Amino acid sequence: MATEPDDVGQEGEQDEERMDWDRGDEEESEESGAAASGNAESARSADAAAAGSGDPSPVGVKLGSTRTVLVHPDTDGEMATTTTLTCLATYEDAITGEERLLYGEEAATEYPDEVEFMLRSGLPEDDERADLAGRFFREVVTANGVDPDSVVVYAIPSIDNEQGLANLERVIDDSGIGDRAIRSYPESLCGAIPAMGDGLEAIESIFVGVNLGSTNLEASAYRRGEQLSHFATGAVTGNEVDRRIANLVEEETQGRVNIDGTTAREYKEQHADFESFEPFTDVIQQPGGGSHEFTIEWSVMEALDEYVDEAVDELANTFLSEFANDSMKTYNLALDNDIVLTGGMTCIPGLVDEFESRLADELQRDVTVIAPDDPVTAAARGAQRIADRLVDRGAY
Amino acid sequence: MGVNPLEYDVEELRELRERSASGPGEGGNLGVQLPYLSHLPAGAETQAFVLDWLEDLVAAAGFEGAVAALEYYRFMGWITPEVRDELEDHLLGVGYRPGRFGDLERAHHMRSLARIARLAEMADPETR
């Protein structure tokens, strides 16, 4: 998806009008970013649909370090789910000489060396990454015609990083959506909502939610929506698995093959499988010409195996032991219920069952571990359900 | 409101769920405003009364059954979510015992309702 830099600049000029988190009904929506980006028709249709009902659109967003997911009503009022890689690349138009912008899979595929994953640590670390994240997110909401007259709920990793959160706040402020209201909730809570029922049953439950993300492992105990206990570590992550796969591939091929992080992630996403892993082959071009075909037999699953061991260890021996110390009865009650795994790593076939088995061994008690259907989009879908209820309740 | 996900409004979130659940009755033709008990009265007498009640629930249905019963009473509109949470905290002072909600019979719930009515009277003797 390409756009002209001036367009992005025009959207950026709306900043001052968008600083308040809760905006009154009397505030008028400004020109839609979609109009500036050539998607005016869809944006106007969405606006018209919202204007017709009089209610704002309920939107759920997960701005993830690897993928961004939007769940929002489309022009027909049907719920649309958009998933895209959280990355951006700029290039110079050969004809006009202007800077153009690509995001998502297109950017990662066409500009693998220049592409920037600006939320690699989970939150925008500095002004530069906040600017890039802002440009990226405006492009995504514009291209998808997300209604500015909306109530937006964000599923956000619970990372204790004041500067990162301030930068993210700027990204969200400048996005051009959420004119009526904006809320944010922990990713592990939002992701558990679709796993536990068709409504907001998770908010009436006592459970442990574990988010296995690219940039952190986050565990929380919830009692009827209240976060009782929280733990996060950046030491056990999907990104670390990618790095480990890259190192192990080099070892398995006796140093003949070096792969980058993107390729390692693709190996993980396409081939990792705790139930029925099959060795696979790939081909690299040699610097001096020719190609080299190689087979990966153990690198990917060994990295995953270590990951699950470490994740179970952190959960059982750090988070859950502290939780048990705080309140043994609530701990027992929570572990009698399902433990909910969320986050991108949960997509790996068989990982949930493997996690359950190893956690039960570690805790020396039976536990049940579940995951939502389509874990990648679960947090955004849960956030959207909350947004929907906020709209129903008129809480904007 | 900022974006820190650790600072979300729990009460607002719970209200969203309350609205989404198939709601409790409106008091029917009893002319009584639900919930019956909107706050727990203070005092040692109340404390002892509450613990007696909860011990009976745990004896009949175990810890988990008692938690489920409190949620059932919240769902029925007999107590507010805040009172339920406070009672759950008191439950931690009662010994653990296995059991389940299904072990409770109608008579148990009738006794619970009577106790809730008594607590409501203790909480607000003027209007009850």
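Being a predicted model, the structure only gives us computed values, none of them experimental. (Residues numbered from 1 in each chain as written. Chains lettered and ligands numbered in written order. Predicted model: local features only at pLDDT ≥ 70, side-chain atom pairs only at ≥ 80, totals over all residues.)

(A) Structural detail: the overall build of chain A. For chain A, the helix and strand inventory stands at 13 helices and 14 strands. The proportion of buried residues among the 396 residues of chain A is 53%. (Helix = DSSP H or I, 4+ residues; strand = E, 2+ residues; numbered from the N terminus. Buried ≥ 20, exposed ≤ 12 C-beta atoms within 10 Å, placed from the backbone.)

(B) Geometry of helix 2 (residues 44–76) of chain B. All names here are of chain B. The end-to-end C-alpha separation of helix 2 is 27 Å, well short of the 48 Å expected for 33 residues at 1.5 Å each. Its axis deflected by about 115° at Ala61, helix 2 carries its strongest bend there. Count one or two residues on from helix 2 and you reach Gly77, which has phi positive near 85°. (Expected span 1.5 Å × (residues − 1). Bend = angle between axes of the 7 residues up to and from the residue.)

(C) Representation of the sheet that holds strand 3 (residues 79–85) of chain A within the structure. All names here are of chain A. Within the open sheet, the five strands sit side by side as 3-2-1-6-7. Their pairing is mixed. The sheet is open, and its two edges are formed by strand 3 and strand 7 (181–186), each paired on a single side. The mean angle between the axes of side-by-side strands here comes to 15°, regardless of whether they run parallel or antiparallel. Direction of pairing for strand 2 (residues 67–73) relative to strand 3: antiparallel, over a ladder of seven bridges. (Pairing = 2+ DSSP bridges. Axes fitted to C-alpha atoms, helices over the stretch in contact; angles between N-to-C directions.)

(D) A look at the interface of chain A and chain B. Between chain A and chain B, the contact holds 32 residues from the first and 20 residues from the second. Residue assignment for the side of chain A that touches chain B shows that the elements contributing at least two residues are strand 6 (150–156), helix 6 (162–173), strand 7, strand 10 (226–233), helix 11 (328–336) and helix 13 (375–393) of chain A. Ranked by the residues each element gives to the side of chain A that touches chain B, the list is headed by helix 13 of chain A, at five residues. Here the residues of the side of chain A that touches chain B sort into 14 nonpolar, seven polar and eleven charged. (Contact = placed C-beta atoms within 7 Å. Nonpolar A, V, L, I, M, F, W, Y, C, P; charged D, E, K, R; others polar.)

(E) Quick look at the environment of A:Glu114. Residue and element names in this part refer to chain A. Mapped onto the fold, Glu114 is located in the loop between helix 4 (104–110) and helix 5 (127–143). The class of Glu114 is partly exposed, set by 13 C-beta atoms lying within 10 Å. Considered as a pair, Glu114 and Thr90 are 24 residues apart in the sequence and their alpha carbons are 7.9 Å apart.

(F) Structural detail: the nonpolar core. Of all hydrophobic cores here, the largest spans 140 residues; its most connected members are A:Tyr154, A:Ala383 and B:Ala66. Once residues lying within four places of it in the same chain are set aside, the contact partners of A:Ala383 are A:Gly60, A:Val61, A:Lys62, A:Val153, A:Tyr154, A:Ala155, A:Tyr185 and A:Cys190. (Core = buried A, V, L, I, M, F, W, Y, C linked by C-beta atoms within 7 Å.)

(G) Structural detail: the packing of helix 7 (residues 187–195) of chain A against helix 13 of chain A. Residue and element names in this part refer to chain A. In contact at an axis separation of 7 Å, helix 7 and helix 13 are set at 85° when each is read in the N-to-C sense. One element, helix 7, and the other, helix 13, form an angle in the roughly perpendicular class. Taking contact as the criterion, the partners of Glu187, Cys190, Gly191, Ala192, Ile193, Pro194 and Ala195 in helix 7 are, on helix 13, Ala378, Ala379, Arg381, Gly382, Ala383 and Arg385. Classifying every residue of the contact of helix 7 with helix 13 gives eight nonpolar, two polar and three charged. (Parallel < 35°, antiparallel > 145°, perpendicular 65-115°, else oblique.)

(H) Structural detail: the confidence of the model for chain B. All names here are of chain B. When pLDDT is averaged across chain B, the result is 81; 82% of the residues are at 70 or more. For chain B, helix 1 (residues 10–20) is the element with the lowest average pLDDT, namely 74, and helix 2 is the one with the highest, namely 91. Across residues 20–32, where pLDDT falls below 50, the model places 14 contacts with residues more than four positions away in sequence or in other chains. Among the scores for the predicted complex, ipTM is 0.73 and pTM is 0.71. (pLDDT = per-residue confidence, 0-100.)

(I) Up close: helix 5 of chain A. With 17 residues, helix 5 of chain A extends 24 Å from end C-alpha to end C-alpha; this agrees with the ideal 24 Å at 1.5 Å per step. By the criterion of burial, helix 5 of chain A is predominantly enclosed, with 14 of the 17 residues buried.

(J) Spatial organisation of unusual backbone geometry. All names here are of chain A. The phi dihedral of Gln364 falls on the positive side, at around 55°, and the residue is not glycine. Within the element layout of this structure, Gln364 appears in the loop between helix 12 (351–363) and strand 14 (369–370). Not every positive phi belongs to a glycine, and Asp374 is a case in point at roughly 50°. C-beta crowding within 10 Å serves as the criterion here: with 14 such atoms nearby, Asp374 is assigned to the partly exposed category.

(K) Main features of the pairing of strand 9 (residues 217–223) of chain A. All names here are of chain A. Counting buried positions along strand 9 yields seven of seven residues, so the element is predominantly enclosed. With burial as the criterion, each face of strand 9 is covered, one bearing Leu217, Ala219, Ala221 and Arg223 and the other bearing Glu218, Ser220 and Tyr222. Here strand 8 (residues 206–212) folds back onto strand 9, and the loop between the two strands holds four residues. Hairpin geometry of strand 9 and strand 10 is characterised by an intervening segment of two residues between the two adjacent antiparallel strands and by a positive phi of about 50° at Arg224.

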